[in-house]
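# Structural overview
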Amino acid sequence: MRIFSVFYVLCVMVFLVVLSGRVSSSFWLEEDMYPLLFSENFEDGDARGWRPNFPANWEIREEDGSLVYTLLAPGDPGRIRAPYSWSIIKDFDLSGFTFRGKLRSDEDIDNPYRDVVIVFNFQDPEHFYYVHFSAISDDVHNIIGLVNGQDRVKINLEPPGKSRAMLGDNRFHEFKVTYDARDGEIRAYLDDMDTPILTAVDKTLEHGMIGVGSFDDTASFDDIHLWGNIFK
Ligand SMILES: [Ca+2]
Ligand SMILES: [Ca+2]
């Protein structure tokens, strides 16, 4: 009987160790993995913490009692095929982060190619990743893209046409993008913060800056929060 009890306790202990291992892989990819580095609601009327590539195209506007950060014009294409416009949060070179906020496409809702992007691990205008939220899914829309010195390539695991494209309206959506520098796991969420709509694993660019923008449309942003690990 006593031997049976010892065996039983050992079985429970093994089960708990296995369970904790399974829980940790998702549990550790939460905001509290990193310190909060930056919050921005634009209510002070300026965007001093941000560095846009086309400053004249960005404005802080009042809407329904809140100030929001708006990209008024798409900007110009660069030498390679990559998002035209972005505004980077200054001062944070990160290796691993959770980035949350609200985004809205201000493009005509009849345009299915409308998009809002989150750029990250941004090292220069030709080396970064981006999450492309759109109203249609194919090999260049509603993807995670890598810009590595040449035209962007789709790197997310969802096949073209199969990712959930949810940006078909002109209202704000909650977003979350995470990067785990240990294994290169990238996850992007829209509205549902528990189930990512885009996922990728890539370690080509393991650190960099983070920001918001659009491939070739107009967009607005608010209530930004950034948790991260400062790259050394
Ligand atoms: Ca605001
Ligand atoms: Ca577009």
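Residues numbered from 1 in each chain as written. Chains lettered and ligands numbered in written order. Predicted model: local features only at pLDDT ≥ 70, side-chain atom pairs only at ≥ 80, totals over all residues.

### Side note on the overall build of the protein chain
The following threshold applies: Only DSSP runs of H or I covering at least 4 residues are called helices, and only runs of E covering at least 2 are called strands; the numbering of each starts at the N terminus. Each residue is classed by its C-beta neighbour count within 10 Å, where at least 20 other C-beta atoms makes it buried, 12 or fewer makes it exposed, and intermediate counts make it partly exposed; the C-beta atoms are placed from backbone geometry. In this description, a residue-residue contact is defined by the distance between C-beta atoms placed from the backbone, which must lie within 7 Å.
Counting secondary structure elements, the protein chain contains 1 helix and 15 strands. By residue count, 38% of the 232 residues in the protein chain fall in the buried class. Restricting to contacts in the protein chain with at least 6 residues of sequence separation, those with at least 24 account for 66%.

### Considering the confidence of the model for the protein chain
Which entries qualify depends on this criterion: A residue's pLDDT is simply how confident the predictor is in it, with values from 0 to 100.
On average, residues of the protein chain carry a pLDDT of 91, and 86% of them reach 70 or more. Note on residues 17-29: pLDDT under 50 across the span, and 3 contacts to partners over four residues away in sequence or across chains.

### Quick notes on the environment of Lys-90
Within the element layout of this structure, Lys-90 appears in the loop between β5 (85-89) and β6 (94-105). Classification of Lys-90 as exposed rests on a count of 12 C-beta atoms within 10 Å. Along the chain, Lys-90 and Trp-50 lie 40 residues apart, while their C-alpha atoms are 5.5 Å from each other. Non-local contacts of Lys-90, meaning those with residues more than four positions away in its chain, are made with Gly-49, Trp-50 and Arg-51.

### Some points on the pairing of strand β7 (residues 115-124)
Where we set the bar: At least two DSSP bridges between two strands are needed for those strands to be called paired.
Among the 10 residues that make up β7, 8 are buried, leaving the element largely enclosed by the rest of the structure. The pairing of β7 with strand β8 (residues 127-134) spans 7 bridges and is antiparallel. Across the sheet, residue Val-116 finds its bridge partner in β8, namely Phe-133. Counting the residues in the hairpin turn of β7 and β8 gives 2 residues. As paired strands, β7 and strand β14 (residues 209-214) are joined by 4 bridges and run antiparallel to one another. Looking at β14, one finds that Val-119 is bridged to Gly-211.

### Some remarks on the nonpolar core
What counts is decided by this rule: Joined through C-beta atoms within 7 Å, a set of buried Ala, Val, Leu, Ile, Met, Phe, Trp, Tyr and Cys residues constitutes a nonpolar core.
Counting residues in hydrophobic clusters, the biggest one holds 51 residues, and the most contacted among them are Ile-118, Val-119, Phe-120, Val-131, Ile-144 and Ile-210. Sort the elements by how many residues they give to this core and β7 lands first, with 6 residues. Ile-210 has contacts with Ile-88, Ile-89, Phe-92, Leu-94, Phe-97, Phe-99, Val-119, Phe-120, Phe-122 and Leu-226, leaving out every residue within four places of it along the chain.

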